[in-house]
Amino acid sequence: MTMDFSGRLPHAFTTPGSSSFVEFLASHAPDLLPSHRVGTTGAAGHAAPAGPGAQLAPHATTIVALTFGDAGPAGAGGEVGVVMAGDRRATMGSMIANREIEKVFPADEFSAVGIAGTAGIAVELVRLFQLELEHYEKIEGALLSLDGKANRLSTMIRQNLGLAMQGLAVVPLFAGYDLDRGTGRIFSYDVTGGRYEERDHHSVGSGSVFARGSLKKRWHPGLDAQGAVHVAVEALYDAADDDSATGGPDSVRQIWPVVVTVTADGYRRVPDDELAAVAAQIVAERTEQADGNRAARPRAPRTAGQGGDAL
């Protein structure tokens, strides 16, 4: 972009155009886009192969999201929305790169986005997405619909395909409260920008297989916000039990997952003291269950020669 030292904004900033901040940036300063921060093409315009940087870049996992409340007549008057939660661990190969990374962010007042994949690029993508929604609201004077937000994020992910081909993939999870429908909705994506609406609950990241199994067992229609938070934290606890890249609640370091709710009242982050109580309850339940299993386990009969018995 040509520098103007007259003290005035460049002409591009005052010319009417698209309500998309990403399109504006792509036209006037494409080097600031995440997809242009690293060389994305090799010889003959082909995507460059994955290099050692892809393996050494910190990666973030796991994100879960689930709906709660009943938007139908039977649930009239109850709180309706979505819960999104993310663990705090970032890994770099077989090492723990960070124990306190945050992976769930507000996209705007009525939506949240969680990141899985290459942490640095994902965080930059989220910040750009936040600017995209804020820019639209300022230009148009109205909030973008939830479907519109999901579509904008899909387009931004598609622009990152060159980096994804090098192993620097970003796969976010998007959820929010739909002001038009009066309900919570969840959207997942693939590295090509494909957008898919999920029903009831979903999870992404390396621990997603284990988290989804937990969600299938614990989620049920009509959950309230408090119950949905418990289910989300328990799903992360189960994922951490089987996936080394997922960090569970850490009572020693006082590190808890990032858990948020999005309802008609907007985005709310669940305080750490509430999460500490939920984590303590889950640990107590699992400890009681483990004690019961050990008590019920039959002991092998002692034979001659064991325990110092004389022959």
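It should be noted that the structure appears before, not after, this text.
This structure is a prediction, so every number in the text was calculated from the model and none was measured.

Engineer: Looking at this structure, how should I read the pairing of strand β12 (residues 201-204)?
Structural biologist: Consecutive side chains of a regular strand alternate in pointing toward one face of the sheet and then the other. Residues H201 and S203 line one face of β12 and the alternating positions H202 and V204 line the opposite face, and both faces are buried. When strand β2 (residues 63-68) meets β12, the two strands line up antiparallel, connected through four bridges. Within β12, the residue paired with L66 across the bridge is H201.

Engineer: Is there a simple way to explain the sheet that holds strand β13 (residues 258-263) in this structure?
Structural biologist: Across the sheet, which stays open at both edges, the five strands sit in the order β12-β2-β3-β13-β14 with antiparallel pairing between neighbours. Two strands lie at the open edges of the sheet, namely β12 and β14 (266-269), each paired on one side alone. With strand direction ignored, the average angle separating the axes of adjacent strands in the sheet is 15°. Of the pairings in the sheet, the one linking β2 to strand β3 (residues 81-86) comprises six bridges and is antiparallel in character. Its bridge partner lying in β3, V64 is registered against A85. Relative to the sheet, helix α8 (residues 225-242) contacts β2, β3 and β13, its axis offset from that of β2 by approximately 155°.

Engineer: Quick question: what am I supposed to make of the side chain of R89 here?
Structural biologist: You can see R89 is positioned in the loop between β3 and β4 (90-92). Of the side chains bearing the opposite charge, D87 lies closest to the buried R89, which forms no salt bridge; the N-O distance is 5.6 Å. Separated by 2.8 Å, the side chain of R89 and the backbone oxygen of S244 make a polar contact.

Engineer: Any chance you could explain the side chain of S203 here in plain terms?
Structural biologist: Mapped onto the fold, S203 is located in strand β12. Not counting the four nearest positions on each side in its chain, S203 is found in contact with T62, I63, V64, S208, A211, R212 and L215.

Engineer: Please clarify how the pattern of salt bridges should be interpreted in this entry.
Structural biologist: Where side chains of opposite charge bring their charged atoms close, a pairing between them can arise. On inspection of all chains with the given rule, the structure shows 15 salt bridges. Note that R195 is salt-bridged to D147, the shortest N-O span being 3.6 Å. Of this pair, R195 sits in strand β11 (residues 195-198) while D147 sits in helix α5 (residues 146-159); the two residues are 48 residues apart in sequence, bridging distant segments of the chain. A relative accessible area of 30% means that R195 is categorised as partly exposed. Owing to a relative accessible area of 25%, D147 belongs among the partly exposed residues under this scheme. Of the charged contacts, one joins D238 and R286 as a salt bridge, the two residues approaching to 2.8 Å between their closest N and O atoms. Taken as a pair, D238 in helix α8 and R286 in helix α9 (residues 272-296) lie far apart in primary sequence, 48 residues in all. One continuous salt-bridge network, built from bridges that share partners, spans D147, D178, R181, R185, R195 and E197.

Cut-off values and rules
Residues numbered from 1 in each chain as written. Predicted model: local features only at pLDDT ≥ 70, side-chain atom pairs only at ≥ 80, totals over all residues. Heavy atoms only, no water. Buried < 20%, exposed > 50% of the residue type's maximum accessible area, 1.4 Å probe, protein only. Helix = DSSP H or I, 4+ residues; strand = E, 2+ residues; numbered from the N terminus. Pairing = 2+ DSSP bridges. Axes fitted to C-alpha atoms, helices over the stretch in contact; angles between N-to-C directions. Contact = heavy atoms within 4.5 Å. Lys, Arg positive; Asp, Glu negative; His and termini not counted. Salt bridge = Lys/Arg side-chain N within 4 Å of Asp/Glu carboxyl O. Polar contact = N/O pair within 3.5 Å; in protein donor to acceptor, adjacent residues only side chain to side chain.

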